[in-house]
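# Structural characterization, general
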Amino acid sequence: MTEHRSPLLHRPGAVEAEGLDRGVAAHYGDPLREQRSLVRTPGTVVDLSHKGVVTVTGPDRLSWLTTLSSQVLTGLEPGRSTETLFLSVQGRIEHAPHVVDDGTSTWLITEADETAALVAWLERMRFALRVEIEDRTGQWAVLGATGPVPGLPATVVWRDPWPHVAPGGWSYAVLDGPHPGEERTWWEHLVPRDELDALTLDLPLAGAWAAEALRIAAWRPRLGAETDERTIPHELDLLRTAVHLAKGCYKGQETVARVHNLGHPPRRLVLLDLDGSEHTLPAAGAEVVAGERTVGRVTSVQLHHEQGPIALAVLKRTVDPAAELVVTDGEQRWAAAQQVVVPPDAGQVVGRQTGFLRGPRP
C-alpha cells in the first residue's frame with residue numbers, strides 16, 4: 001500500500017493523526033474550535049487526502065458493479081451519490097466504498113487501507129466485461145466539508161446519503177424524533193492532488209478529529225473502525241444506505257436475507273455518552289463491561305463540542321438497553337449511558353411488524 005502524507009501537515013499547529021487517519025492532521029492546535037468552525041463556517045475543510053480514489057470506466061461499469069455488490073447501481077444518474085458493500089460469501093463486510101458516477105466514470109472513495117485490496121479484487125472479477133479499473137489516488141485527493149466549498153474546482157463530489165433510507169433499504173433505528181444523523185451533512189470533494197496545498201491556502205481548516213466527532217454523533221459507521229472480520233451490515237444499521245434488499249444475486253446475499261428475514265444480527269451498534277469528569281478518553285478497542293461481564297468494545301471515540309465525550313461501540317445483541325455500562329481501558333473506567341442504534345430485536349421481519357422494529361421509510 002502506498003501511503004500519502006499530506007502537505008498540509010506543514011501548516012501551523014498541525015498534529016498528525018494515528019490509525020485510520022494517519023497521513024493527515026488530527027487537528028491544527030484547537031480541536032473544539034475547529035469542530036465548531038466545521039459546523040458553523042461555510043468553506044471549512046478537512047484534509048482527507050490519505051483516502052483512496054478508484055475509478056471504474058467502460059460501458060458495463062454500473063451493471064457490473066451492481067452484480068458484485070449489495071446496492072443497485074445500474075442507472076445511477078451522473079452526480080448522484082450512494083454507497084455499496086462488497087461482502088464475503090458469509091455476508092461479512094470486506095469493502096464499503098463511497099460511490100458517485102460522472103456519466104463516464106464511476107468514482108469509488110475508499111479507506112486508505114482497503115484501496116489496493118479493492119482494486120486487486122475488482123481486477124480479478126472483470127472477466128470479459130467492458131470495464132477498466134484504475135487506482136487514481138496519486139492524482140486525486142479528498143477534502144471533506146459540510147457543504148459546497150467556494151473556490152474549489154467543479155469536479156466530482158460525493159454527498160453522504162446517511163441517514164436517509166435508500167430505495168430498497170431498511171431502517172433498524174427506532175426513534176421518537178429525527179435521526180441524529182440529520183443534523184450532519186457531509187460532502188467529499190475530489191481535487192487534483194498536486195493542487196491540494198494551493199487550493200486550501202485561504203480556507204479554514206479542521207482536523208480529522210473534528211470530522212470524527214460529527215460522524216460519531218450522527219451514528220455513522222466507518223469501515224475499519226466499527227467493522228472487523230466478522231461484521232455483517234445489519235449490526236451497524238447499514239441496510240438503510242448500502243443494501244438493496246430486493247436486488248438480484250450477489251456474494252453474501254443469502255446471509256443478508258436470512259438474518260433480516262428470519263434471524264437477528266449477533267451484535268449491535270450503540271452510541272455511548274461517557275462520563276466527562278475524568279477529562280480523558282478511552283482508546284478505540286477499550287472494553288465495554290456490564291456487571292462483571294465484557295459485552296463489547298469501543299470502536300470510535302471523540303470529544304464533541306456540544307455533547308462532550310461520546311463513543312460508538314459494538315455490543316452483544318442480548319445486552320439490555322437499560323443496562324449500566326462501564327468502559328475500561330487499563331486502570332481507567334468511565335461510566336457510559338447507552339443510546340440504542342440497532343435494537344436487540346432487529347431482524348426477523350417475516351410476519352412481524354411490531355416491537356422495536358420499523359419497516360422502510362421514504
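Residues numbered from 1 in each chain as written. Predicted model: local features only at pLDDT ≥ 70, side-chain atom pairs only at ≥ 80, totals over all residues. Heavy atoms only, no water.

### What about the overall build of the protein?
Within the protein, the regular secondary structure consists of 6 helices and 20 strands. Here the C-alpha radius of gyration of the protein, 20 Å, is about what a compact globule of 362 residues would show, namely 21 Å. Going through the 362 residues of the protein one by one, you find that 57% of them count as buried. For the protein, the exposed area adds up to about 15300 Å²; of that, 53% sits on carbon and sulfur atoms. Across the protein, the mean location of the 35 positive side-chain charges is 5 Å away from that of the 47 negative side-chain charges. (Helix = DSSP H or I, 4+ residues; strand = E, 2+ residues; numbered from the N terminus. Rg over C-alpha atoms; globule rule 2.2 N^0.38 Å. Buried < 20%, exposed > 50% of the residue type's maximum accessible area, 1.4 Å probe, protein only. Areas by Shrake-Rupley, 256 points an atom, 1.4 Å probe, with all protein chains shown as cover. Lys, Arg positive; Asp, Glu negative; His and termini not counted. Charge placed at Lys NZ, Arg CZ, Asp CG, Glu CD.)

### A word on the pattern of salt bridges
Scanning all chains against the criterion turns up 23 salt bridges. With a closest N to O distance of 2.7 Å, arginine 220 and aspartate 160 form a salt bridge. In this pair, arginine 220 is assigned in the loop between helix 5 (208-217) and helix 6 (253-262) and aspartate 160 in the loop between strand 12 (157-159) and strand 13 (187-192), connecting sequence segments 60 residues apart. Summarising the burial analysis for this pair, arginine 220 and aspartate 160 share the class buried. Taken together, the shared-partner salt bridges in this structure form one network comprising Asp21, Lys51, Glu111, Glu212, Arg215, Arg222 and Glu226. (Salt bridge = Lys/Arg side-chain N within 4 Å of Asp/Glu carboxyl O.)

### What about the domain arrangement of the protein?
Under the domain assignment used here, the protein contains domain 1 (5-232) and domain 2 (265-346). Inter-centroid distance (C-alpha atoms) of domain 1 to domain 2 is 25 Å. Between domain 1 and domain 2, the contact holds 24 residues from the first and 25 residues from the second. Here domain 1 packs against domain 2, burying approximately 1900 Å² in sum over the two surfaces, 61% of which is carbon and sulfur. For the interface between domain 1 and domain 2, the tally reads 2 salt bridges. Between arginine 267 and aspartate 228 there is a salt bridge, with the nearest N and O atoms lying 2.9 Å from each other. (Domains from an automatic or database assignment. Contact = heavy atoms within 4.5 Å. Buried area = accessible area lost by both parts, 1.4 Å probe.)

### So, the UniProt feature "domain: GCVT N-terminal" (unreviewed entry) in the protein
The feature "domain: GCVT N-terminal" (unreviewed entry), as given by UniProt, occupies residues 34-148 in the numbering adopted here. Span residues 34-148 is 22% helix and 32% strand, its end C-alpha atoms 17 Å apart. (UniProt positions renumbered as here; feature names shortened; annotations may be inferred.)

### Quick word on the pairing of strand 20 (residues 332-340)
On a regular strand, each side chain points to the face opposite its neighbour's, so the side chains alternate between the two faces of the sheet. Pairing of strand 15 (residues 267-274) with strand 20, which is carried by 5 bridges, proceeds in the antiparallel orientation. When the bridges of strand 20 are listed, leucine 271 appears paired with glutamine 339. Sheet topology places strand 19 (residues 325-329) next to strand 20; 5 bridges connect them, and they run antiparallel. Paired with valine 326 across the two strands is alanine 335, which belongs to strand 20. Taking the residues between adjacent antiparallel strands as the criterion, strand 19 and strand 20 are bridged by 2 residues, where glycine 330 takes a positive phi near 65 degrees. (Pairing = 2+ DSSP bridges.)

### Describing the pairing of strand 4 (residues 52-57)
Burial analysis of strand 4 places 5 of its 6 residues in the buried class, which makes it a mostly covered element. With 6 bridges connecting them, strand 4 and strand 9 (residues 105-110) associate as antiparallel partners. The partner of valine 54 across the bridge, within strand 9, is leucine 108. Where strand 4 lies against strand 10 (residues 132-135), 4 bridges are found, and the strand directions are antiparallel. Bridge pairing links threonine 57 to glutamate 132 in strand 10.

### Considerations on the sheet that holds strand 11 (residues 140-145)
Read across the sheet, 5 strands follow the order 12-13-11-3-14 without closing on themselves; strand pairing throughout is mixed. Sheet topology places strand 12 and strand 14 (205-206) at the edges, where each strand pairs with a single neighbour.

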